[in-house]
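Remarks on the overall topology
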Amino acid sequence: MPISATSAKPAQKLMSADDALARILAGVPTLPAVETPLLEALGLVLADDIAADRDVPSFRNSAMDGYAVRGEDVASAPVELRVVGEVAAGGFPDRAVAPGEAMRIMTGAPMPDGADTVVRVEDTDNASDVVTIAAATPKGMAVRNAGEDLRAGERILTAGTVLRAAEIGLLASVGRARVLVRKRPRVAVFSTGDEIVDLDAPLERGQIRDSNRYTLASAIRATGAEPQVFGIVRDSPDALRAALREASAADAIVTSGGVSVGDHDHMKPVLSELGTIDFWAIAIRPGRPLAFGEIKDGGRRVPIFGLPGNTVSALVTFELFVRPALLRMQGRANVSRPRAKARLLDPIDKPDFLRVFARGIHDAEAGTVRLTGPQGSGILRSMSLANCLIDLPVGPSRIESGATVDVILTEQSEPR
Ligand code: AMP
Ligand code: MG
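The following paragraphs examine the structure supplied in this document. Bear in mind the structure is a predicted one, so any value in this text is a computation, not a measurement.

Cut-offs and rules
Residues numbered from 1 in each chain as written. Chains lettered and ligands numbered in written order. Predicted model: local features only at pLDDT ≥ 70, side-chain atom pairs only at ≥ 80, totals over all residues. Heavy atoms only, no water. Near = heavy atom within 4 Å. Polar contact = N/O pair within 3.5 Å; in protein donor to acceptor, adjacent residues only side chain to side chain. Areas by Shrake-Rupley, 256 points an atom, 1.4 Å probe, with all protein chains shown as cover. Salt bridge = Lys/Arg side-chain N within 4 Å of Asp/Glu carboxyl O. Helix = DSSP H or I, 4+ residues; strand = E, 2+ residues; numbered from the N terminus. Buried < 20%, exposed > 50% of the residue type's maximum accessible area, 1.4 Å probe, protein only. Phe/Tyr/Trp six-rings, centres within 6.5 Å; stacked < 30°, edge-to-face > 60°. Pairing = 2+ DSSP bridges. Axes fitted to C-alpha atoms, helices over the stretch in contact; angles between N-to-C directions. Parallel < 35°, antiparallel > 145°, perpendicular 65-115°, else oblique. Left-handed = near helix turned anticlockwise from the far one by under 90°. Contact = heavy atoms within 4.5 Å. Nonpolar A, V, L, I, M, F, W, Y, C, P; charged D, E, K, R; others polar. Expected span 1.5 Å × (residues − 1). Bend = angle between axes of the 7 residues up to and from the residue. Lys, Arg positive; Asp, Glu negative; His and termini not counted. Core = buried A, V, L, I, M, F, W, Y, C linked by side-chain atoms within 4.5 Å.

Let's talk about the site of ligand 1
D210, S211, G258, G309 and N310 are the nearest of the 17 residues found near ligand 1. Taking N212, its main chain carries an N or O atom lying 3.3 Å from a nitrogen atom of ligand 1. Between ligand 1 and N310 there is a distance of 3.0 Å, counted from an oxygen atom to a backbone nitrogen or oxygen. In isolation ligand 1 exposes 480 Å². Once the protein is present, 79% of that is buried.

A few points about the pattern of salt bridges
Should the charged atoms of two oppositely charged side chains come close, the side chains can pair. Counted according to the given criterion, the structure contains 30 salt bridges. For R337, the salt bridge is made with E319, and the minimal N-O distance between the two is 2.9 Å. Note that R337 is positioned in the loop between helix 6 (311–329) and strand 21 (339–344) and E319 in helix 6, a separation of 18 residues in sequence. A single burial state applies to R337 and to E319, both of which are buried. Note that K341 is salt-bridged to D406, the shortest N-O span being 2.9 Å. Placement of the pair is K341 in strand 21 and D406 in strand 27 (residues 404–408), with a sequence separation of 65 residues. Residues joined in a network through salt bridges with shared partners are D18, R339, K341, R355, D391 and D406.

As for the packing of aromatic side chains
Aromatic ring pairs are defined here through the distance separating the ring centres and the angle between the ring planes. Taken as a whole, this structure holds two aromatic pairs when the rule is applied. Relative to F305, the ring of F292 lies with its centre 5.3 Å away and its plane at 40°, an arrangement referred to as tilted. Placement of the pair is F292 in strand 19 (residues 289–297) and F305 in strand 20 (residues 300–307), with a sequence separation of 13 residues. Each of the two residues, F292 as well as F305, counts as buried. Three or more aromatic residues joined by ring pairs make a cluster, and in this case those are W280, F292 and F305.

Comments concerning the sheet that holds strand 6 (residues 101–105)
Pairing within the open sheet is mixed, and its five strands lie in the order 7-4-6-5-8. Of all the strands in the sheet, the pair left with one neighbour each is strand 7 (117–120) and strand 8 (130–133). With strand direction ignored, the average angle separating the axes of adjacent strands in the sheet is 40°.

Considerations on the packing of helix 4 (residues 237–247) against helix 5 (residues 267–274)
Two elements in contact, helix 4 and helix 5, have axes whose closest approach is 9 Å; the angle formed by their N-to-C orientations is 40°. The angle between helix 4 and helix 5 falls in the class oblique. As helix 4 packs across helix 5, the resulting crossing turns out to be right-handed. Taking contact as the criterion, the partners of P237, L240, R241, L244 and R245 in helix 4 are, on helix 5, M267, V270, L271, E273 and L274. The residue inventory of the contact of helix 4 with helix 5, partitioned by class, reads seven nonpolar, no polar and three charged.

Some points on the sheet that holds strand 19
Ordered in space as 15-12-16-20-19-17, the six strands form an open sheet in which the pairing is mixed. The open sheet is flanked by strand 15 (226–233) and strand 17 (275–281), the only strands paired with a single partner. Taken pair by pair, the neighbouring strands of this sheet meet at an average axis angle of 20°, ignoring direction. The pairing of strand 16 (residues 252–256) with strand 20 spans four bridges and is classified as parallel. Opposite S256, over in strand 20, you have L307 as the bridge partner.

Observations concerning helix 6
Look at helix 6: 25 Å from first C-alpha to last across 19 residues, which is about the 27 Å you get at 1.5 Å a residue. Along helix 6, the helix axis deviates most sharply at E319, where the bend reaches about 45°. Most of helix 6 sits inside the fold, with 18 of its 19 residues counted as buried. Just past helix 6, the residue G331 takes up positive phi, approximately 90°.

Some points on the side chain of D73
When you line up the elements, D73 lands in the loop between strand 4 (66–69) and strand 5 (79–87). An unpaired buried charge is present at D73: no salt bridge exists, and R70, the closest side chain of opposite charge, is 5.3 Å distant. Polar contacts involving the side chain of D73 include one to the main-chain amide nitrogen of G100, which spans 2.7 Å.

A look at the environment of R339
Relative to the assigned elements, R339 resides in strand 21. The sequence separation of R339 and L389 amounts to 50 residues, and the corresponding C-alpha distance is 9.5 Å. Those residues in contact with R339 that sit more than four places away from it in its chain are R355, D391, D406, V407, I408 and L409. For R339, the side chain forms a polar contact with the side chain of D391, separated by 3.0 Å.

So, the nonpolar core
In terms of nonpolar packing, the biggest core is built from 36 residues, with I24, F305, F321 and L326 touching the most fellow members. For this core, the elements supplying multiple residues, two or more each, are helix 1 (17–27), strand 12 (186–192), helix 3 (212–222), strand 16, strand 19, strand 20 and helix 6. Here the element with the most residues in this core is helix 6; it accounts for ten residues. Not counting residues within four places of it along the chain, the set of residues in contact with F305 comprises I24, V28, I253, V254, T255, A291, F292, F321, V322 and A325. If you look at the next biggest cluster of nonpolar residues, it comprises 21 residues, including F230, L240, A291 and I304.

Some thoughts on the pairing of strand 20
In regular strands, side chains alternate between the two faces of the sheet. Most of strand 20 is tucked away, with six of its eight residues classed as buried. Two strands pair when backbone bridges link them, and strand 19 and strand 20 are joined in this way by seven bridges, in the antiparallel orientation. By the bridge assignment, A291 is partnered in strand 20 with G306.

Set out below in structure tokens:
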């Protein structure tokens, strides 16, 4: 399948995707650390090391419902032991266990002194005065020792760790109701273009619905950042200036449209008043034009990403350049998606001087990848059907079916 009709080399010098990403990652700030309630910290990056405040569990307890005994009394079975009491989770044993004795005990209850072993209730007759132990039980069985999960003073998480459910649980077990994490970026997003209208407006001749703002706001949220959705900005310097001023209260700005060659006349002068920006032609398809820079807002530097307007170009350039930047701003060390090698099922023709990110359906079990269908930069269904981008390097102009290609697994969860 041919990837494009137009494959003439542009007059403007092309930048490689790797260079563009390296410049972007070098240009975005890591956001400050903020204290956050534990339940709001999922997916954020821990900003300091965490030590256990005490042993977890903090006391020796039973892992089973059964009888707390002395190991030497149950080395062989059957044996009868005198039941001297009962202890449940949340209670505390009122006496010790002496030779020939047993205490009924529930899961999580503190072990009585003297006892070092729990015989599970299934291996007994469950009696309350004199219990018959039916199975020989090794010493130490079903006892959880203090500190066997975490030791008091031990460093259990390090700065830079991405908090998943398990880490949130660890923080809870050491009593951290609030944690210091990298701030969740607030990312302003707006669309530009005189032809763009919002979803509730009637669609007049020549107008198109604004899908990019919805796509991009969702893609922003999927990185863990918080989108701040602005409206549609008309192709006029005043409108653009006002929108950028308002948006610069955010931690980053993402726009779509108006950055193609011959179409960026407003962005350029307005941004040179408010900050600095570069307009790049990147040697990729889709998404050749891209603007990156920063707006100065007091002492703050607010990164701005001007993405191309075509729906696929906007989302692919977000995936390649903005997503890594937003993850880096959140303090993530690894900002890359996982990759795989796959056998290509469809031949692909492409311009030899461009790196092409074709939308693919990767079958991990079969080790194959095929195209989603038509690959035009306005065919958003190609993204909706895809679970990967097929990363085809600069160089070849035809990739035969059967060739081994690189795929970027865009459906995988965020890197850690
Ligand atoms: P531009 O990058 O401004 O030249 O836009 C290129 C093309 O992308 C336009 O002709 C539109 O068809 C499309 N486009 C621009 N902005 C949007 C948007 N917000 N939502 C959907 N399509 C858009
Ligand atoms: Mg436009």
